[in-house]
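# Descriptive analysis of the structure
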Amino acid sequence: MGGVNEIGSNKAVSVAKTPPISAPPSQFHSPSLSRSPLLASDDHIQPANKTPRISTPRFVTPLGSPIRRALQLTRLDPHDAWLPITESRNGNAYYAAFHTLCSGIGIQALVLPVAFTILGWTWGIITLTLAFMWQLYTLYLLVQLHESTETGMRYSRYMQLCSATFGEKLAKWLALFPIMYLSGGTCVALIIIGGQTCKMFFDVICGGTCTAQPPTIVEWFLIFTSAAVLLSQLPNLNSIAGVSLIGAITAFGYCTLIWVVSVIEGRTEGVSYNPVRGSTEVTRIFDVFNTLGIVSFAFRGHNLILEIQATMPSDEKHPSSVPMWKGVKIAYTLVAMCLLPLAIGGYWAYGQRIPENGGMLTALFVFHGKDTSQFILGLTSLFVIINALSSFQIYGMPTFDDMESVKKKKKALPWWFRAILRAMFGYGCFFVAVAIPFLASLAGLVGGIALPVTLAYPCFMWLKVKKPKAFTPIWCLNWVLGLLGMALSGVLVAAGIYVIIDTGVEVSFFDPR
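Read on for an overview of the structure. Here the structure is a predicted model, which means the values were calculated and not measured.

## Details of the overall build of the chain
Summing up its helical and strand segments, the chain has 15 helices and 4 strands in all. By residue count, 54% of the 513 residues in the chain fall in the buried class. For the chain, contacts bridging at least 24 residues in sequence account for 83% of all contacts bridging at least 6. Summed over its atoms, the accessible surface of the chain is roughly 23200 Å², and 67% of this surface lies on carbon and sulfur atoms.

Written out as structure tokens, the structure is:
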């Protein structure tokens with residue numbers, strides 16, 4: 001290089017006695033210290049007998065020498081070049097919209113009318129609207145925190161951002177369990193829901209005319225799991241963009257079908273909109289808080305936002321936050337078009353009679369199974385199954401990424417070993433689904449545990465990373481929302497435990513029905 005480093009303009013700045021500098025395309029480094037997934041050979045860790053080559057982004061100018069010195073200390077870690085989340089960085093706003101919509105709408109939305117049976121019309125609509133706005137704001141914070149033009153770092157995983165903000169030890173205490181549940185626990189719930197819906201779909205198609213012995217519910221769980229494991233062999237997050245698109249379409253489809261059919265069929269006989277009240281004041285208070293947990297659990301998916309954004313290219317002029325936020329806005333416009341009519345229309349149609357287990361899907365079959373065409377019922381069930389299979393892939397991807405991040409290896413795992421690991425995860429979830437089939441009944445409790453990941457931690461991470469001036473509006477807003485989210489989480493967990501003890505949960509280990 002002859003000691004001359006050309007930066008950004010036509011001027012040449014002479015630098016004496018400096019090691020050779022590699023100038024790759026300007027990509028923000030991830031916290032695991034990697035750049036683009038398609039790393040050149042010079043980007044890998046150099047042998048000990050050679051002078052290490054240091055990557056300096058093109059956008060660093062001579063006036064930014066402190067930043068340049070910080071970036072020159074950054075070592076590249078080749079692991080991100082082959083891990084499932086960061087292996088491919090050619091994503092775009094449409095991919096982001098597909099992934100976000102697929103993870104943002106799920107079966108949990110079908111139980112939102114149950115929350116209205118406790119809160120009533122007014123407070124139900126207010127709570128749902130405020131929760132939607134709150135989680136959309138914290139999602140915006142995460143999108144902005146994904147990368148830093150000041151340090152060149154990209155936080156490609158939620159736990160990495162937590163560790164960089166709170167410290168590795170504290171991050172494990174605060175976020176590890178909720179994130180593990182939002183990944184693995186959601187996959188377990190999807191197997192339970194997918195298997196049960198497979199049985200419903202079979203019953204609709206057969207119509208009582210089949211002479212063959214139908215599979216048992218455990219066998220349906222196994223069939224669904226096998227399909228999910230087969231689909232999970234797609235290598236990385238970008239490769240399942242088409243799967244997420246199908247999942248998004250089917251999610252929007254079954255949500256719309258269910259609330260439209262329910263509204264067209266009209267209110268059920270004896271419907272009542274009087275809020276359900278507990279026998280004591282304490283019971284009523286805890287019922288309300290448990291309901292808030294159900295609402296908060298409907299807006300899960302924030303633990304996947306950084307991972308989705310990590311699939312995009314990024315440089316100083318074209319940061320990934322721009323297409324990511326564009327995709328998020330598209331996705332959450334459609335989410336609002338699904339959740340609000342589903343909650344309001346469902347409560348209007350069924351009132352207090354909405355089933356707690358299964359919500360709108362169960363209500364559709366119980367109240368309109370005989371007066372609705374078999375085609376509509378079968379199509380709705382099929383959409384739920386396809387969406388559950390698609391959602392399994394995106395929620396399982398962080399776990400796949402963690403299992404395959406073997407730090408001692410310097411290259412990607414063999415395809416057969418990766419296939420074994422993913423199959424082990426899928427069938428491990430199947431075992432838990434069979435062993436604890438009542439997991440879906442704990443939605444309120446789990447919603448309280450996972451709430452900080454969605455509503456509280458992003459506010460604290462913004463304060464720690466961005467360091468806004470004290471007592472400014474943005475400083476006050478994030479402190480208020482963060483503290484309120486943590487307090488609400490504690491109350492919701494207590495309420496969930498109380499409701500379970502008070503009303504009971506039909507515990508049936510290794511006895512799915």
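## What about helix α6 (residues 217-231)?
The end-to-end C-alpha distance of α6, which contains 15 residues, comes to 21 Å, matching closely the 21 Å that a straight helix rising 1.5 Å per residue would cover. Within α6, the full set of buried residues consists of Ile 217, Trp 220, Phe 221, Phe 224, Thr 225, Ala 228 and Val 229. Contact partners of the buried residues in α6: α5 (168-206), α12 (374-404) and α13 (415-435).

## Considerations on the packing of aromatic side chains
Tallied over the entire structure, the rule returns 17 aromatic pairs. With a centroid separation of 5.0 Å and an interplanar angle of 70°, the aromatic rings of Tyr 140 and Trp 325 are classed as edge-to-face. Placement of Tyr 140 in helix α3 (residues 112-145) and of Trp 325 in helix α10 (residues 321-350) is noted, with a sequence separation of 185 residues between them. Tyr 140 gets classed as partly exposed once you look at its relative accessible area, which sits at 32%. With centroids separated by 6.1 Å and ring planes inclined at 50°, the aromatic side chains of Phe 392 and Phe 425 adopt a geometry described as tilted. Linking Phe 392 in helix α12 with Phe 425 in helix α13, this pair joins segments that are 33 residues apart in sequence. On the accessibility criterion, Phe 425 (11% relative accessible area) is buried. Members of the aromatic cluster, joined through ring pairs, are Phe 116, Trp 121, Tyr 273 and Tyr 347.

## Description of a nonpolar patch on the surface
There is a patch of nonpolar side chains on the surface, built from Trp 415, Trp 416, Phe 417, Ile 420 and Met 424 and spanning about 600 Å² of accessible area. Relative to the assigned elements, Met 424 resides in helix α13.

## Overview of the nonpolar core
Membership of the largest hydrophobic core comes to 116 residues, with the highest contact counts inside it found for Tyr 158 and Tyr 254. When neighbours within four sequence positions are excluded, Tyr 158 is seen to be in contact with Leu 142, Ile 179, His 302, Asn 303, Leu 306, Glu 307, Pro 452, Val 453, Tyr 457, Pro 458 and Met 461.

## Observations regarding unusual backbone geometry
Positive phi outside glycine occurs at Lys 467, with the angle close to 50°. Its location among the elements puts Lys 467 in the loop between α14 (443-466) and α15 (473-503). Note on Lys 467: relative accessible area 62%, which makes it exposed.

About the cut-offs
Residues numbered from 1 in each chain as written. Predicted model: local features only at pLDDT ≥ 70, side-chain atom pairs only at ≥ 80, totals over all residues. Heavy atoms only, no water. Helix = DSSP H or I, 4+ residues; strand = E, 2+ residues; numbered from the N terminus. Buried < 20%, exposed > 50% of the residue type's maximum accessible area, 1.4 Å probe, protein only. Contact = heavy atoms within 4.5 Å. Areas by Shrake-Rupley, 256 points an atom, 1.4 Å probe, with all protein chains shown as cover. Expected span 1.5 Å × (residues − 1). Phe/Tyr/Trp six-rings, centres within 6.5 Å; stacked < 30°, edge-to-face > 60°. Patch = residues over 30% accessible without salt bridge, like charges linked within 9 Å, V, L, I, M, F, W, Y side chains within 5 Å. Salt bridge = Lys/Arg side-chain N within 4 Å of Asp/Glu carboxyl O. Core = buried A, V, L, I, M, F, W, Y, C linked by side-chain atoms within 4.5 Å.

By themselves, these are just geometric observations and shouldn't be taken as functional.
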